[in-house]
Amino acid sequence: MVRQLGELENAIMTRVWQWNRPVTVREVLLDLRSEREIAYTTVMTVLDKLHRKGWLRRDRAGRAYRYEPVSSREAYTAALMNDAWATSDNPAAALVHFFGLMSPEQREALRDALRVAALSPSDPAAPDSPETGPQDPPESGADTGETRSGPAR
């Protein structure tokens, strides 16, 4: 059931991104029915759940709501992967298994992504980032409690 719900959430999000405009429950329902039998209330519940999760925004249009995505498909996919990884008691082992499931093309895409991530700072305000430049350590006795030799004890 959980897997089916995740698949339905993904199917609905895919349609919302494809239309690239606010959509109603009925529009999503009619499109989904071309592939499977599904109830109006099921689609309405999943759209509401996606709204509560922060993936969709909604505005009232008469008696109905119109839903539109809050972020890109790529951001949504990254968050799903992060959520799945966070459930593991052993994240390193989970990654090893995940990499084992990847095709050669997916592994190459991962290598490319890691190269890009290594080139861009993870925190723009981090020391030595291009935006802030090199940071000098505080002078001995500064109010920070740190000295050139390390934290105050």
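Residues numbered from 1 in each chain as written. Predicted model: local features only at pLDDT ≥ 70, side-chain atom pairs only at ≥ 80, totals over all residues. Heavy atoms only, no water.

Q: How should I be thinking about the overall build of the chain in this particular structure?
A: Within the chain, the secondary structure is distributed over six helices and four strands. Helices and strands in the chain line up, N terminus first, as α-α-α-β-β-α-α-α-β-β. Scored against the burial criterion, the 153 residues of the chain give a buried share of 18%. Relative to all contacts within the chain whose residues are 6 or more apart in sequence, the contacts with residues 24 or more apart total 35%. (Helix = DSSP H or I, 4+ residues; strand = E, 2+ residues; numbered from the N terminus. Buried < 20%, exposed > 50% of the residue type's maximum accessible area, 1.4 Å probe, protein only. Contact = heavy atoms within 4.5 Å.)

Q: I keep staring at the pattern of salt bridges and nothing clicks. Help me out?
A: One side chain can pair with another of opposite charge once the charged atoms of both are near each other. All chains considered together, the criterion is met by 13 salt bridges. For the salt bridge of Arg 15 with Asp 31, the shortest nitrogen-to-oxygen distance reads 2.8 Å. You can see Arg 15 sitting in helix H1 (residues 2-19) and its partner Asp 31 sitting in helix H2 (residues 25-32), a full 16 residues away along the chain. Across the pair Arg 115 and Asp 112 runs a salt bridge whose closest N-O atoms are separated by 2.3 Å. Residue Arg 115 and its partner Asp 112 are located together in helix H6 (residues 104-119), separated by three residues, close to a single helical turn. The network of salt bridges with common partners includes Glu 108, Arg 111, Asp 112 and Arg 115. (Salt bridge = Lys/Arg side-chain N within 4 Å of Asp/Glu carboxyl O.)

Q: I tried to follow H2 on my own but got confused; where do I start?
A: Structurally, the α-helix is built with 3.6 residues per turn, so residues lying three or four positions apart point the same way. Inspection of H2 places Val 25, Val 28, Leu 29 and Leu 32 among the buried residues, and these make up the whole buried set. Taken end-on, H2 shows its buried residues confined to a sector of 100°, consistent with a single buried face. (Arc of directions from axis to C-beta.)

Q: Explanation requested: the confidence of the model for the chain in the structure shown.
A: Residues shown with low pLDDT carry predicted positions that ought not to be read at fine detail. For the chain, mean pLDDT is 80; residues scoring 70 or higher make up 76% of the total. Per-element averaging of pLDDT across the chain places strand E3 (residues 146-147) at the bottom with 38 and helix H3 (residues 40-52) at the top with 96. (pLDDT = per-residue confidence, 0-100.)

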